[in-house]
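One-letter residues, chain by chain:
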Amino acid sequence: MFRVVTYSLSVVLFTFLLSNSALAQDGEKLFKANCASCHKLNKKLIGPALTGVQDRWEDQEALYAWIKNSQDYLKKNPDDSYAQELFVEYNKSVMTAQALSDAEVGAILDYIANPPEDKAAPAVAEGPVARAPAENYSTYWMLGLVVVLLIVVKVLSGVKGSLQSVKAKLNDEVLPEPKGPIEGLFEWMANNKRLTVAIVLVVLATLSVQGWFVVKSIGVYKGYAPEQPIKFSHKIHAGTNSIECGYCHHSAYKGKNAGIPSVNVCMNCHKGISEGKVDGTTEIAKIYEAAGWDAEQQAYTGVEKPIKWIRIHNLPDFAYFNHSQHVVVGKQKCQTCHGEVEEFGYPMKQHSDLTMGWCIDCHRETKVSMEGNEYYTKIHKELLERYKDEKIEAFTVEHIGGLECAKCHY
Amino acid sequence: MSDKKYWNSVDHLEEEPLFVEEAQKEFSEAVPVEDFLSKSNLSDTSASRRDFLKFMGFSIGAATLAACETPVVKSIPYVVKPEEVTPGVANWYASSFSKGGTFSSILVKTREGRPIFIKANDAYPEAMSGVTARVNASVIELYDDNRYQGPQKAGTTIGWSDVDTEISKKLAAIKEKGGTVKVVAESTSSPSTLATFAKFDEMFSTETEVEVYGEDALLKGTEMVKDSCVVTFDPINYNGVLSANKADFGKAVIPTYDFSKAKTIVSIDADFLGDWLDGVTYSKGYTQRRKPEGAWMSKHYQFETMMSMAGANADVRGAIKPSDVGNVAKMLHGAVAKLAGSAGASGSLSDDDNNIAAKVNDAAKDLWAAKGKCLVVCGSNDANIQQVVNGINNLLGNYNNTIRLERAYNVVQMNDSMVDLTKNMNSGIVDAVIFMDSNPVYSNAAFAAAVSKVGLKISLADRPDESSVLCDYVCPSHFFLEAWNDYQPYTGVFTMQQPAIRPLFKTRAAQESLLRWCGVNTSYYDFIKETWTSTAFAGADALTATNKWNSAVQSGVYMGAKMAPEADLAYSGDTGAAAGNIKSTTGEWEVKFYAKQSIGNGAQANNPHLQEMPDPISKVSWDNYVTMNPSDMEGKYEIRTAQATPANVVSVTVNGHTMELPVVALPGQKRGTIGIALGYGRTETGTAGKVGVNAYPALEMKDGVAVYSSSKVSIADAGKTYQIASVQTHHTMMDRKIVNETTLSTFKAVDKNDDVNGWNKDSKLADAFGKVRPIKELNLWADHAIEKGHRWGMSIDLNSCTGCGACVTACHIENNVPVVGKDEIRRTRSMFWLRIDRYFSSDMTKEKGKTDDVGVVSMYKQMENPSDYPQVVFQPVMCQHCNHAPCETVCPVAATTHSEEGLNQMTYNRCVGTRYCANNCPYKVRRFNWFNYNKDSKFTGINPAQNELQRMVLNPDVVVRSRGVIEKCSFCVQKIQSGKLTAKKAGRPVKDGDVVSACSEACPTNAIQFGDLNDSKSSVRANFDDDRSYFMAEEVGTQPNVAYMTKVRNTENLA
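Residues numbered from 1 in each chain as written. Chains lettered and ligands numbered in written order. Predicted model: local features only at pLDDT ≥ 70, side-chain atom pairs only at ≥ 80, totals over all residues.

Scanning chain B from terminus to terminus reveals 32 helices and 47 strands. For chain B, whose C-alpha radius of gyration is 30 Å, the value lies close to the compact-globule estimate of 31 Å for 1055 residues. Across the 1055 residues that make up chain B, the buried fraction comes to 55%. Taking as baseline every contact in chain B between residues at least 6 positions apart, the subset at least 24 positions apart corresponds to 74%. (Helix = DSSP H or I, 4+ residues; strand = E, 2+ residues; numbered from the N terminus. Rg over C-alpha atoms; globule rule 2.2 N^0.38 Å. Buried ≥ 20, exposed ≤ 12 C-beta atoms within 10 Å, placed from the backbone. Contact = placed C-beta atoms within 7 Å.)

Shown next, in the form of structure tokens:
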């Protein structure tokens, strides 16, 4: 008997301890999972700010009931003027009934009463910090060094000249008329014809190669990363928070434009998320301004101000590009052309050349995924027939005419 | 093959030395360096070589610097994106077009909210759905910067509330004193507009005392009769038909004419394939029965003054004077009555040089043989003549068969007397006049003179016109693509006009303005909904009514109850009396006024695409002119009109009004007659519209409305010359198998490759060894792999092509083809990706030569002789996308290449403008950009893409070409690519109909078919394999991907 009692007691005690400790840890988690989309601690959101909520409710039991099912509470307690007014004050928005145990509610309330101290904001690690990269000063150092050396050469040659003239004076010799630097150079060149030719060739070749790259880079804006009206970080959205590209750029799956999301798409999340760790709070405020969202009143004012983004990827008018062709039919990942966007902070940059050669290279190499798409059934059969001598069985975009002019130019 | 010899202009026929010389050169002029250098008289200053080098150095430097600069392009997304809009994906909205007597149920293509293209609505009954050039080109008028941008008072801007207050006050004052308010409006079939008029009448109509007589003709007293405020006025009215039906059937309606059931068709001066009433519907029905493969092919007789589209397509055509229209009707009535065994009217022609009497008898026989399945139509505006025509149709039993009165064409209504209105205005009875969709100051001379007598003039026009500029107030209406409206084009068939864009300017629906002024403050949208709820949806509960309304808006069409023939619409006409009333006076010259397929009554004059579209017959653009038979011009006026030999200008006086117009030779025009187009000479409109001479003041008024022919004509040489902008002289195909034609009996009885009479022989040529082989086997180049994948092709049925030109404007709007203007066309620099060549034929044939035994030399000589009354064929020509394209082999920079899908690709940004390709093209379809048409000040007001507003009509999927490159038909490659993409995304093969070119989409008669030739089930494949198909200039060995279907005329027998 004793054993049974001890055993049961110990089990109960153990369970209690276990659950209690678990709940204490889970207060924050529970709050974030169940409450945070509508409540903040120190700020109104869809519902009221929750700090001091226990002080505002006289009857703690009523508070528990209210949290678990506010609509039920309102029905059962029509006399509770505080609760009734609260409901009206917040636009009669219904708080979802919460399937929480008393212990869990308690944990949440504990968390609200004693929020953990603000962790020191990680200064560099997480924020969108891609400021202008530290400039490479080695070139300047080299240049300075060259200048110093040149001065040394000049001084030394001056010293040498003085010494020579002193020596000549001492020996009563007549120095030959000093030659100008140009004449000297010509004389030197006349004496060293082969070397001169070699040097001229090397200089010409270097200039041509450099010139070629300069000319080739005209109109190529790889790495173009203009300042944007809002410091939007793909790293935070697509990286840290793993938001699908298509959530914002959904038209990439439908038509030719990937599209910059309209402000109402931003507001889907940012109605609730109004703060960031580094620049977030000020930048999110800009979204609110664009959308005409009054965060205080939690209402749209109707005064909208479209955001003027700076376009990064500018394809010329004479090139037709369709995103859905590549993303839906070609099953290409966004990253193929845009790079590891989820690693890019602010500002977003152009990852690829976007030149015709770059397009063509990819069309030459990329295999078309014909399987499972009935459009290609007949074409695949015909291609197998045509290339049976070459024994090609997987076909690239080139094989289906992807290098033809009128595929992109019309 | 037909043995007729075709020529495409009188110069070609006569082989003028200058013409022949020009014909040898594709580009008859050197590069117009001066034109683009002489902007500031640069050529007058003496620029030295040093200056030139400086300029060049500067430009190279500037270009390099410009190239280095990183462009900053803003990208501004929606704040709240509408759910239905996806950037880069087009939306289509159903709507309606109703203007100038033309009605179409349409689909409007919008991109990012901008309407950019119009095509026929497929939800509308197939037999009636189609668009004309005027309908599909109307989309650019939305972006006309000439439009009113808000209400105006005496030319200065004013707010809507102010204008409403002022006008309401003035109208109230008029009502107070019992004055008269008149609304001059175009005829409309819109139930809600008519309901608006009724509301307006309730408020402002006056009562007139009318004497009432009893049956004994004794005065019984007086009665007050309501006098409607609305004066229906169309520049081109059809009161003749309406009055005749009123007299014969008791109801003033335009019936439904069913050309698809008519085995014999006789048209007396009615261009039913062109501008006469519902031309699109008639063309559809007509061409359905013009297929020689069908169970039967209709036989078409046309008696007319000037060559019309209907005349060009006719099997038998007779040229008659306008004054003989009544006589032909009477003769036909007499002949048909004789066959029926009764006595009919009789008539004789004042002048018969075209064997009319015999043709009328043939027509009567064919009509009688197809009793109840034939049709006689007449274009006269004389009710008596129309009554005789009704009599013929009644004798033939056509009513309730091919003609149905219960399903009336409501787009055209009986016009009210302008003479009475003008009289009342002059005597000061009319206190206020409101212009709604009408411009009588331009199209009615007497009205224009009287309009200043009216105290209050209000215009509801959406853009300035001759009437609105004289108005005290302008309350601009929406453009139709911005507005709600409803129509009932045919009784029982309702359509919706749904806005495809929000109003661009501060405009308001005209009906809403009228409602506001008579105290109804609902929006016109709500008013339409109310009208529908109380009429079409009467009795339905709210939910059903809403559903019906939504589906009507979505599809654009609502079909009312099926109509049974009305018993009380029985014929009770008196042909004898009507025939007796027909008076015909002839003169030395007679004139016929007509409306061009492109310009119509002139309301759409400021539409550069329409101005540039050549007339189907004369092939002249940008002007009106006097058409005359070449034999009448012989020795007096210049018949060949080229750059060096401009047209003569004559001074034509009709009914006392004198106009100076150039003379254009037009075979087929009745000798002793001339034709003049209406709708030109606008003065108060944009740059593009101010061309030609206004011919409306020359119209004679009869029974209060205008008639469109006259014999009070005198012509004198004005001693001047004028260069017309004609497109066809410059497109010669010389003397090859271009249009193939045969007769129905030959087609039925003879094999196409028959040695003697073969009508579509395969082209064969002897090779180096003297062996005759098919052209296809004689190859210089390796073949493209055309049997694999897709191979896009087009077939054009010359039997179905009526020459209307809807494809031309549709092509231009889809592909951002620039309008180049009159001056450039004069210089042979037209920019048509798709043109319709028109060829006249000679009446001399090899068979005729043999039977008449005229001798070979004489026969060929006569073949070249112009027949004054020739037959006409049309041939749409665009890039033939040759599999062995001569252009591709001569391009030095590989800017034009061949795709594996059979396309002849043109890469503009690779083109350096050598124009070798154009010189080497046997079809002359490659056109050169001589200017930056979208920027050059020379084209301001002409090319519709010069400013921010006008540019909105451009198709964002097609690039705008720059100066110095060749461009041409691409087979709408952007539509091919998008059709393929749709199929790929859906994971299915491309179906026939997924990919349709703009011209094919626009063709109301389905003459142009487009599709994949490697798809065995496609309609193009079937057409390519048809016996009638042939390739143009096949002997050159180009192997085109465009096939033409031999034209078969029903000239021998009646199936």
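All names here are of chain A. Where helix α12 (residues 263–270) meets helix α13 (residues 280–291), the closest approach of the two axes is 10 Å, and the angle between their N-to-C directions is 125°. Of the possible angle classes, the one that applies to α12 and α13 is oblique. Considering how the two elements wind past one another, α12 and α13 form a crossing that is left-handed. Taking contact as the criterion, the partners of Val263, Asn264, Cys266, Met267 and His270 in α12 are, on α13, Ile284, Ile287, Ala290 and Ala291. Each residue belonging to the contact of α12 with α13 can be placed in one class, and the counts come to seven nonpolar, two polar and no charged. (Axes fitted to C-alpha atoms, helices over the stretch in contact; angles between N-to-C directions. Parallel < 35°, antiparallel > 145°, perpendicular 65-115°, else oblique. Left-handed = near helix turned anticlockwise from the far one by under 90°. Nonpolar A, V, L, I, M, F, W, Y, C, P; charged D, E, K, R; others polar.)

With that settled, consider the domain arrangement of chain A. Domain parsing of chain A yields domain 1 (2–113), domain 2 (139–178), domain 3 (186–218) and domain 4 (355–410). The gap between the C-alpha centroids of domain 2 of chain A and domain 3 of chain A is 28 Å. (Domains from an automatic or database assignment.)

Looking now at the pairing of strand β22 (residues 493–497) of chain B. All names here are of chain B. Of all five residues in β22, five are buried; the element is thus mostly enclosed. Neither face of β22 is exposed, since Val493, Thr495 and Gln497 on one face and Phe494 and Met496 on the opposite face are all buried. In this sheet, β22 lies alongside strand β21 (residues 485–490) in antiparallel orientation, the contact comprising four bridges. Paired with Asp486 across the strands is Met496, a residue of β22. In sequence, β21 turns back onto β22 through a hairpin of two residues, with Gly492 there showing a positive phi of about 90°. Pairing of β22 with strand β23 (residues 557–559) involves three bridges; the strand directions are antiparallel. (Pairing = 2+ DSSP bridges.)

Turning our eyes to something else, we now look at the sheet that holds strand β15 (residues 316–319) of chain B. Residue and element names in this part refer to chain B. Spatially, the four strands line up as an open sheet ordered β15-β14-β13-β16, and their pairing is parallel. Among the strands making up the open sheet, the edge pair consists of β15 and β16 (374–378). Averaged over all pairs of adjacent strands, the angle between strand axes in this sheet comes to 10°, irrespective of strand direction.

Note on interface size: it is often stated as the accessible area lost on association of the parts. At the interface, 47 residues of chain A touch 43 residues of chain B. Sorting the residues of the side of chain A that touches chain B by element identifies α12, α13, β3 (309–310), α14 (323–329) and α17 (375–386) of chain A as the ones contributing at least two each. It is α17(A) that provides the largest number of residues to the side of chain A that touches chain B, a total of five residues. Within the side of chain A that touches chain B, the residues separate by chemical class into 22 nonpolar, 14 polar and eleven charged. Note: β3(A) against strand β2 (residues 74–75) of chain B, two bridges, orientation antiparallel. In the strand pairing of β2(B), A:Ile310 is matched with B:Lys74.

The next thing to look at is the sheet that holds strand β20 (residues 473–474) of chain B. Residue and element names in this part refer to chain B. Spatial ordering of the open sheet is given by β7-β6-β20-β19-β18-β8-β11, a layout of seven strands whose pairing is mixed. Each end of this open sheet is capped by a strand with a single partner; those strands are β7 (156–157) and β11 (230–232). Pairing geometry for strand β8 (residues 180–185) and strand β18 (residues 430–436), over six bridges, is parallel. Each residue of the ladder has a partner; that of Val183, found in β18, is Ile434. Packed on one face of the sheet, helix α6 (residues 160–176) meets β6 (152–153), β8, β18, β19 (456–459) and β20 and runs near 135° to β18.

For the rest of this paragraph, the subject is the packing of helix α11 (residues 325–340) of chain B against helix α12 (residues 356–369) of chain B. Residues and elements named next belong to chain B. Packing of α11 against α12 leaves a shortest axis separation of 9 Å and a crossing angle of 45°. Regarding the angle of α11 to α12, the classification is oblique. In terms of crossing hand, the pair formed by α11 and α12 is right-handed. Along the contact surface, α11 presents Val328, Met331, Leu332, Ala335, Val336 and Leu339, while α12 presents Ile356, Val360, Asn361, Ala363, Ala364, Leu367 and Trp368. The residue inventory of the contact of α11 with α12, partitioned by class, reads twelve nonpolar, one polar and no charged.

This paragraph deals with helix α19 (residues 542–555) of chain B. If you check α19(B), its first and last C-alpha atoms are 20 Å apart, about what 14 residues at 1.5 Å a residue would give, namely 20 Å. One or two positions beyond α19(B), positive phi appears at B:Gly556, with a value near 80°. (Expected span 1.5 Å × (residues − 1).)

The next thing to look at is the domain arrangement of chain B. Residues and elements named next belong to chain B. Each domain of chain B was delimited in the assignment, giving domain 1 (6–25 + 732–1049), domain 2 (152–204 + 415–485 + 492–555), domain 3 (256–404) and domain 4 (587–730). A straight line from the C-alpha centre of domain 3 to that of domain 4 covers 27 Å. In this assembly, 16 residues from domain 3 lie in contact with 21 residues from domain 4. With three residues, helix α10 (residues 309–313) is the single largest residue contributor to the side of domain 3 that touches domain 4. Split by residue class, the side of domain 3 that touches domain 4 holds seven nonpolar, five polar and four charged.

Moving on, we get to the confidence of the model for chain B. All names here are of chain B. The predicted model of chain B has a mean per-residue pLDDT of 87, with 91% of residues at 70 or higher. Within chain B, helix α2 (residues 17–24) has the poorest average pLDDT of any element, 52, and strand β46 (residues 1042–1045) the best, 95. Scored by ipTM, the complex comes to 0.82, with pTM at 0.83. (pLDDT = per-residue confidence, 0-100.)

All names here are of chain B. Position of Thr683 relative to the elements: it lies in the loop between β29 (673–678) and β30 (700–702). For Thr683, a count of 12 C-beta atoms within 10 Å translates into the label exposed. Placed 218 residues apart in sequence, Thr683 and Asp465 show a C-alpha to C-alpha distance of 7.8 Å.

Next up on the list: the confidence of the model for chain A. Residue and element names in this part refer to chain A. Model confidence for chain A is summarised by a mean pLDDT of 82, while 88% of its residues fall at 70 or above. The model gives residues 15–22 a pLDDT under 50, and that stretch makes one contact with residues more than four places away or in other chains. Confidence drops under a pLDDT of 50 for residues 119–134, and excluding neighbours within four residues, the segment shows 16 contacts in the predicted structure.

For an α-helix the count is 3.6 residues per turn, leaving residues at separations of three or four pointing the same way. The end-to-end C-alpha distance of helix α9 (residues 193–217) of chain A, which contains 25 residues, comes to 36 Å, matching closely the 36 Å that a straight helix rising 1.5 Å per residue would cover. A positive phi of about 80° marks A:Gly219, the residue just after α9(A).

A:Pro347 follows A:Tyr346 through a cis peptide bond whose omega is -10°. Backbone geometry at A:Gln298 places phi at a positive 55°, although glycine is not the residue there. A positive phi angle is found at B:Asp437, which is not glycine, with a value near 50°. Topologically, B:Asp437 is positioned in the loop between β18 and α15 (440–443). The buried category is assigned to B:Asp437, around which 22 C-beta atoms lie within 10 Å.

Grouped together as the largest cluster of nonpolar side chains are 284 residues, with contacts concentrated most on B:Val328, B:Leu332, B:Val626 and B:Cys807. Ranked by size, the runner-up nonpolar core spans eleven residues in total, among them A:Cys35, A:Trp66, A:Tyr73 and A:Val105. (Core = buried A, V, L, I, M, F, W, Y, C linked by C-beta atoms within 7 Å.)

What follows covers the pairing of strand β4 (residues 102–111) of chain B. All names here are of chain B. The element β4 is extensively covered by neighbouring structure, given that eight of its ten residues are classed as buried. Where strand β3 (residues 91–99) and β4 come together, nine bridges link them in antiparallel fashion. Bridge pairing links Asn91 to Thr110 in β4. The antiparallel hairpin formed by β3 and β4 contains two residues in its connecting segment, where Gly100 sits at a positive phi of about 55°. By the bridge criterion, six bridges tie β4 to strand β5 (residues 114–120) in an arrangement that is antiparallel.

On to the environment of B:Asp248. All names here are of chain B. Tracing the chain through its elements places Asp248 in helix α8 (residues 239–249). Owing to 26 C-beta atoms within 10 Å, Asp248 belongs among the buried residues under this scheme. Linking Asp248 and Val663, residues 415 residues apart in sequence, is a C-alpha distance of 41 Å. Excluding anything up to four places from it in sequence, Asp248 contacts Gln387, Asn390, Tyr571, Ser572 and Gly573.

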